[in-house]
Number of protein chains: 2
Amino acid sequence: MADKREHILTVAEELFGEKGFDGTSVRDIALKAGVNLAMISYYFGSKEKLLESLIELRAGYAYGILEELNKDQSLSPWDKINRLVEFYVDRVLNNLPFHNIMYREATNVRSDEIRDRLISIKMRNLEQITKIITDGQQKKLFREVDIAMTVGTLMGTISSYTQSRPYACQILALGYDVSEETYRTKLAPRLKAHLKQLLRAHLDIKNEE
Amino acid sequence: MADKREHILTVAEELFGEKGFDGTSVRDIALKAGVNLAMISYYFGSKEKLLESLIELRAGYAYGILEELNKDQSLSPWDKINRLVEFYVDRVLNNLPFHNIMYREATNVRSDEIRDRLISIKMRNLEQITKIITDGQQKKLFREVDIAMTVGTLMGTISSYTQSRPYACQILALGYDVSEETYRTKLAPRLKAHLKQLLRAHLDIKNEE
DNA sequence: GTTTAATTCAAACGTTTGTTTAATTTTGTG
DNA sequence: CACAAAATTAAACAAACGTTTGAATTAAAC
């Protein structure tokens, strides 16, 4: 085991994502990670600080790519929107546990520190997306829209199908207990196609009323 | 106290919505409800069955109105979509705790019974919305869209601003700790306006590509 | 090879958890 | 009023919780 600390974090991430922070005991984590119970206090100090460490580890998981996307002068605003959709769908589906933690525990996390950290991550991403949209507006490609709400639509649509997998499987007419792999490969293209079509119509200045 | 049983359910709803099912102890509930600890087992049998009772109580909270909306022959599909938006935004904002339970606990509820119940509620609502959209398509007003994904967009957009109130306040540039009342009165019209504009562009057959 | 520090461990700590008990009080009925 | 059923209570239950302890083991440094 190369880095035991990170291994514990990964296991905790899976369990928190699946059963929630309060629904997961440190004994669950120790057992699944194959380490002694006391190691969690040894490495992280407490269960809550373990969560903080996890968030710190994954915090920048979107920002870098968004910034790059923004700087790319060769892409039209429409290209950027489509890449944004691709990027977010893939990003969420490839980091399902952490995404679920972000969007499930964000509200009721006890520590102000963690909550503010999560909010600031979201705000930073919102800024980048805002830049893309205002750029499209200045180039007279996009119409006036409520940008913050539009970002809520993007993230909310994805979340509505990732937060409850049994429901998603039902909707998508997949088998009742389908593998993680086929779940993602079925969901991703459908989410992408829908969001591209949706944002295309929503943003297009030709659809101005 | 007229109906103590229902009072306990209401208090539990608030706490579950705020701190999650696992984050709420039966002692928390008893204390806030002003009843003896043992009354919860006396009335409901267990904490888990209390949650089941709560879901049973609020289960039909959307279906009836949706069905009515569908039957109303005097409304055009566009009217129905707008009413649908109005209805859902109001419904969610007026039942925030239960909505949060539905969309937060749905994934990780241990009991298959509860999970299947929640899924069947969602599926029933999806059916009604599907009817509205297919009706609009038959009347050559709406274009071809992914209906299940569109419903996900509707619910997901709302949820993204109700699941994390501190974040929503930040985005909406409200004060840091604004009252429940002003939070709702600021959020509701903005959500409605955005969703109407969004669905208008998304569904309009004139925006077919 | 010895010494020091870092790691791992089984066991126990004191709380809190959901639930049950058994006695008591309140309520409704004849 | 008398009696049975329902409701309420304080106290206790065992189990699970997050965390700490102190000894044992491993690794690193000199």
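The text that follows walks through the structure, step by step, so that each part is easy to find.

Parameters at a glance
- Residues numbered from 1 in each chain as written.
- Chains lettered and ligands numbered in written order.
- Predicted model: local features only at pLDDT ≥ 70, side-chain atom pairs only at ≥ 80, totals over all residues.
- Heavy atoms only, no water.
- Contact = heavy atoms within 4.5 Å.
- Buried area = accessible area lost by both parts, 1.4 Å probe.
- Salt bridge = Lys/Arg side-chain N within 4 Å of Asp/Glu carboxyl O.
- Polar contact = N/O pair within 3.5 Å; in protein donor to acceptor, adjacent residues only side chain to side chain.
- Helix = DSSP H or I, 4+ residues; strand = E, 2+ residues; numbered from the N terminus.
- Nonpolar A, V, L, I, M, F, W, Y, C, P; charged D, E, K, R; others polar.
- Least-squares fit on C-alpha atoms with pLDDT ≥ 70 in both.
- Axes fitted to C-alpha atoms, helices over the stretch in contact; angles between N-to-C directions.
- Parallel < 35°, antiparallel > 145°, perpendicular 65-115°, else oblique.
- Left-handed = near helix turned anticlockwise from the far one by under 90°.
- Near = heavy atom within 4 Å.

The interface of chain A with chain B comprises 49 residues on the first partner and 49 residues on the second. Here chain A meets chain B over a buried area of about 4300 Å², counting both sides, of which 60% is carbon and sulfur. The largest per-residue losses of area from chain A upon contact with chain B belong to M149, Y167 and Q197 of chain A, which jointly make up 15% of the total buried on that side. A salt bridge links D146 of chain B to R190 of chain A; the nearest nitrogen and oxygen atoms lie 2.6 Å apart. Across the contact surface, chain A and chain B share 14 residue pairs in polar contact (both at pLDDT 80 or more). Of all the secondary structure elements, the ones that give two or more residues to the side of chain A that touches chain B are α1 (4-19), α7 (96-105), α8 (112-138), α9 (147-162), α10 (165-171) and α11 (180-203) of chain A. Considering only residue class, the side of chain A that touches chain B consists of 18 nonpolar, 17 polar and 14 charged.

Superposing chain A onto chain B requires a rotation of 180° together with a translation of 0.0 Å along the rotation axis, leaving an RMSD of 0.1 Å. In symmetry terms, the pair is related by a two-fold rotation axis. Considering only C-alpha atoms, the part of chain A nearest the rotation axis is G156 of chain A, at 1.9 Å. Of the residues that chain A buries at the interface, 100% are likewise interface residues in chain B, meaning the two copies contact each other through the same surface.

Now for the packing of helix α4 (residues 47-58) of chain A against α8 of chain A. Residue and element names in this part refer to chain A. Here α4 crosses α8 at 15°, and the two axes come no closer than 10 Å. Judged by the angle between their axes, α4 and α8 are roughly parallel. By crossing handedness, the relation of α4 to α8 is classed as left-handed. Note on element contacts: α8 touches α4 through E113, I114, R117 and L118, opposite E48, L51, E52, I55 and E56. By residue class, the composition of the contact of α4 with α8 is four nonpolar, no polar and five charged.

Turning our eyes to something else, we now look at the protein's contact with DNA strand D. The full set close to DNA strand D counts 16 residues, and V26, R27 and K47 of chain A together with K4 and Y42 of chain B are the nearest of them. When atoms of DNA strand D within 4 Å of the protein are sorted by moiety, sugar and phosphate together comprise 48%. Within the backbone of V26 of chain A, one N or O atom sits 2.9 Å away from a phosphate oxygen of DNA strand D. Within the side chain of K4 of chain B, one N or O atom sits 2.8 Å away from a phosphate oxygen of DNA strand D. At the level of elements, α2 (26-33) and α3 (38-44) of chain A together with α3 (38-44) of chain B are the ones that each hand at least two residues to the surface near DNA strand D.

Near DNA strand C lie 16 residues; those nearest to it are K4 and Y42 of chain A together with R27, S46 and K47 of chain B. Taking all atoms of DNA strand C within 4 Å of the protein, the share assigned to sugar and phosphate is 47%. A distance of 3.5 Å separates a phosphate oxygen of DNA strand C from a polar backbone atom of T24 of chain B. Here a base nitrogen of DNA strand C and a side-chain polar atom of R27 of chain B are 2.8 Å apart. Sorting elements by how many residues they give to the surface near DNA strand C places α3 of chain A first, with four residues. Classifying every residue of the surface near DNA strand C gives seven nonpolar, five polar and four charged.

Bringing the environment of L195 of chain B into the picture now. Residue and element names in this part refer to chain B. Mapped onto the elements of the fold, L195 is located in helix α11 (residues 180-203). Considered as a pair, L195 and L154 are 41 residues apart in the sequence and their alpha carbons are 7.2 Å apart. Those residues within four positions of L195 in sequence are excluded, and the remaining contacts are V85, V89, L154, T157 and I158.

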